[in-house]
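# Geometric and topological summary
Letter by letter, the chains look like this.
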Amino acid sequence: MGLRNHILPQKHYDLEFSIENIVFFDPRRRGYQVTAGKYADTEVDFVAQKNSILIYFQVTADMTVKETLQRKMRPLREIRDNYEKIVLTLNRLTTGNYEGIQVINVIDWLMAT
């Protein structure tokens, strides 16, 4: 993160972009291939794959706004397979299980891996 900010300074700080970078590299560190995903007309932030295991990730700094919750959950709800679906967020107010989609605090997730 520091090298990126040194090379490409920005006028404002984008917290969500920083969280996405961190989340991108953690599954790679654990041996997963990580790509951006697309399903129909929606976007999945990351799809991590190792052997026959897939994990879908959505990343957001805050999910307390209803529109953000819907935007992040919609692509995962539309994917009809049984692979793990995770939304990582900084807040703790919206964590839990939403119809099989896990919403986890990103810091807790990083500490557990």
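Rules used in this analysis
Residues numbered from 1 in each chain as written. Predicted model: local features only at pLDDT ≥ 70, side-chain atom pairs only at ≥ 80, totals over all residues. Heavy atoms only, no water. Salt bridge = Lys/Arg side-chain N within 4 Å of Asp/Glu carboxyl O. Helix = DSSP H or I, 4+ residues; strand = E, 2+ residues; numbered from the N terminus. Buried < 20%, exposed > 50% of the residue type's maximum accessible area, 1.4 Å probe, protein only. Pairing = 2+ DSSP bridges. Axes fitted to C-alpha atoms, helices over the stretch in contact; angles between N-to-C directions. Contact = heavy atoms within 4.5 Å.

One pass over the full model with this rule turns up 9 salt bridges. A salt bridge links E16 to K72, with the nearest nitrogen and oxygen atoms 3.9 Å apart. With E16 in helix α2 (residues 15-29) and K72 in helix α3 (residues 66-78), the pair connects residues that are 56 residues apart, well separated along the chain. The partner of E99 in a salt bridge is R77, and the shortest N-O contact between them spans 3.7 Å. Pair noted here: E99 is in the loop between β5 (96-98) and β6 (101-105) and R77 is in helix α3, with a separation of 22 residues, a long-range link. A relative accessible area of 35% places R77 in the partly exposed class. The network of salt bridges with shared partners includes E16, D45 and K72.

Further remarks concern the sheet that holds strand β1 (residues 33-39). The mixed open sheet is built from 6 strands, whose spatial order is β1-β2-β3-β4-β6-β5. At either end of the open sheet lies a strand with only one pairing partner, and these are β1 and β5. Taking each pair of neighbouring strands and ignoring which way they run, the sheet shows an average axis angle of 30°. Both β5 and β6 contribute to a ladder of 3 bridges, which runs antiparallel. Directly across from G96, in β6, lies its bridge partner V103. α3 rests against β1, β2 (42-50), β3 (53-60), β4 (84-89), β5 and β6 of the sheet, and its axis sits at about 165° to β3.

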